[in-house]
Amino acid sequence: MKIAKLGFFAALVAAVGFSTPSLAEKWDMPVRSNERNYMTVNIQEFVDDVEKESGGDIEIVLHPEDSLVRQPDVPRAVQTGQVPIGEYFVSMQSNENPIFGIDNVPFLATDYDSNRKLAEAARPALEEALKPKRLRLLFIQPWPPQGIYVDQPLKSLSDLQGVSFRAYNPNSARMAELMGARPVTIQQAEVPQAFSTGVIEAMLTSPATGVDSQAWDFVSYFYDVRAFIPWNIVVVNERTFQNLDEKGQKAVLKAAKAAEERAWKRAPEVIEGLIATLAEHGMQVEKPGEQLQGELQKVGDQMLEEWKSSAGDAGSKVIERYRSSN
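Residues numbered from 1 in each chain as written. Predicted model: local features only at pLDDT ≥ 70, side-chain atom pairs only at ≥ 80, totals over all residues. Heavy atoms only, no water.

## Some points on the side chain of glutamine 146
Phase 1 of the analysis: Following the sequence through the fold, glutamine 146 ends up in the loop between strand S4 (135-142) and strand S5 (147-150).
Phase 2 of the analysis: Glutamine 146 gets classed as buried once you look at its relative accessible area, which sits at 2%.
Phase 3 of the analysis: A polar contact of 3.3 Å, which involves the side chain of glutamine 146, links it to the backbone oxygen of proline 144.
Phase 4 of the analysis: In this structure the side chain of glutamine 146 is engaged in a polar contact, spanning 2.7 Å, whose partner is the side chain of tyrosine 168. (Helix = DSSP H or I, 4+ residues; strand = E, 2+ residues; numbered from the N terminus. Buried < 20%, exposed > 50% of the residue type's maximum accessible area, 1.4 Å probe, protein only. Polar contact = N/O pair within 3.5 Å; in protein donor to acceptor, adjacent residues only side chain to side chain.)

What follows is the structure, encoded as structure tokens:
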């Protein structure tokens, strides 16, 4: 009788075990910008798609604007498994490998059609550079083209001599130097405080960051020079990805592909609205004059040669793929 009862109990436990759903994966994900930013909105759609496609087995919780991990620390946090997935400004790592700075070469690919071709040409090299870090590239998101924010009219680069100029990576710091300014590294979330305390007087950044940081509180002019179109990338820890079952991996990859398509479609649609928002808040929106544009182009030419020299064969192949696609 006792044996029979034990057998019944074992069968009951087994039945309960087989009927209990597996615990969902819960991933914390640091993202660069605030919840209103169009990139964060797109990532939220990615998150929703992953949950839907995985049947609820993967839940991703967004942590915007340095609220969980500071932006410069995101690549390392994902690499070490502190967080399984994250979004960051790819060119922050250009001091480790020049390939990560291809998007920041001024005036190489300044419209979205050509810039997407540049991203496609660079993708194999980016993936290869991420492999030793145990990071898998999921998708690329483009920013609006970069412009110059100043508090005075800008007729030539001589007007920037000695000005403390926000830099956010090695490339933008080098560009500031070549423009005659003094680069100061400031991350996006720190921009308002840096202006209000006088740490920076000008910056090169997108209309999106200008709106997010309410740049009209600190400067009066936005020069729409369209220097380059930077990229944010979303990466996942490779081991975490491999530990997913086939359904989970397919869910993440399918959602990532859709997110990248949305990103490249939406970015051009938001530019004019963002620039209009700057103007509505009293900023003077200007196109660069002939002298300023010519001086900036020389800076771009020099930076391209420097990048090609530092990037070696891998960089040459990216440029060859890009130019053959045009």
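## Points about the packing of helix H2 (residues 38-53) against helix H9 (residues 246-280)
Two numbers describe a pair of packed helices, the interaxial angle and the distance between the axes.
Phase 1 of the analysis: Viewed as axis vectors pointing N to C, H2 and H9 meet at an angle of 155 degrees, and their least axial separation amounts to 8 Å. Comparing the axis directions of H2 and H9 gives the class roughly antiparallel. For the pair H2 and H9, the crossing hand works out as right-handed.
Phase 2 of the analysis: Of the residues assigned to the contact of H2 with H9, the class counts are 13 nonpolar, 1 polar and 7 charged. (Axes fitted to C-alpha atoms, helices over the stretch in contact; angles between N-to-C directions. Parallel < 35°, antiparallel > 145°, perpendicular 65-115°, else oblique. Left-handed = near helix turned anticlockwise from the far one by under 90°. Nonpolar A, V, L, I, M, F, W, Y, C, P; charged D, E, K, R; others polar.)

## Observations regarding the pattern of salt bridges
Phase 1 of the analysis: On inspection of all chains with the given rule, the structure shows 20 salt bridges.
Phase 2 of the analysis: Here glutamate 45 and arginine 266 are joined by a salt bridge, their closest N and O atoms 2.6 Å apart. On the criterion of sequence distance, the pair formed by glutamate 45 in helix H2 and arginine 266 in helix H9 is long-range, its members being 221 residues apart.
Phase 3 of the analysis: When the shortest N-O distance is used, the salt bridge between glutamate 190 and arginine 70 registers 3.7 Å. Within this pair, whereas glutamate 190 is found in the loop between strand S7 (182-185) and helix H6 (191-196), its partner arginine 70 is found in the loop between strand S2 (58-64) and helix H3 (74-80), the two being separated by 120 residues in sequence.
Phase 4 of the analysis: For glutamate 190, a relative accessible area of 30% corresponds to the partly exposed category.
Phase 5 of the analysis: Residue arginine 70 is classed as partly exposed on the basis of its relative accessible area, which comes to 41%.
Phase 6 of the analysis: A single salt-bridge network, built from bridges that share partners, covers Glu45, Asp49, Arg262 and Arg266. (Salt bridge = Lys/Arg side-chain N within 4 Å of Asp/Glu carboxyl O.)

## Observations regarding the sheet that holds S4
Phase 1 of the analysis: The 3 strands are arranged S3-S10-S4 in an open sheet whose pairing can be described as antiparallel. What marks the edges here is a single partner per strand, and that holds for strand S3 (85-89) and S4. Neighbour-to-neighbour, the strand axes of this sheet turn through a mean angle of 25 degrees, independent of strand direction.
Phase 2 of the analysis: Judged from the 5 bridges that link them, S3 and strand S10 (residues 231-237) form a sheet pairing that is antiparallel. Each bridged residue has a counterpart across the sheet, and for tyrosine 88 the counterpart in S10 is isoleucine 233.
Phase 3 of the analysis: Sheet strands in contact with helix H4 (residues 112-130) are S3, S4 and S10, and its direction is about 165 degrees off that of S4.
Phase 4 of the analysis: In this fold H9 packs onto S4 and S10, with an angle of close to 25 degrees to the strand it touches most, S4. (Pairing = 2+ DSSP bridges. Contact = heavy atoms within 4.5 Å.)

## Re the side chain of serine 156
Phase 1 of the analysis: The residue serine 156 is located in the loop between S5 and strand S6 (164-167) in this model.
Phase 2 of the analysis: Side chain to side chain, serine 156 and serine 158 meet in a polar contact 2.6 Å long.
Phase 3 of the analysis: Those residues in contact with serine 156 that lie beyond four places of it in its chain are Gln291, Leu292 and Glu295.

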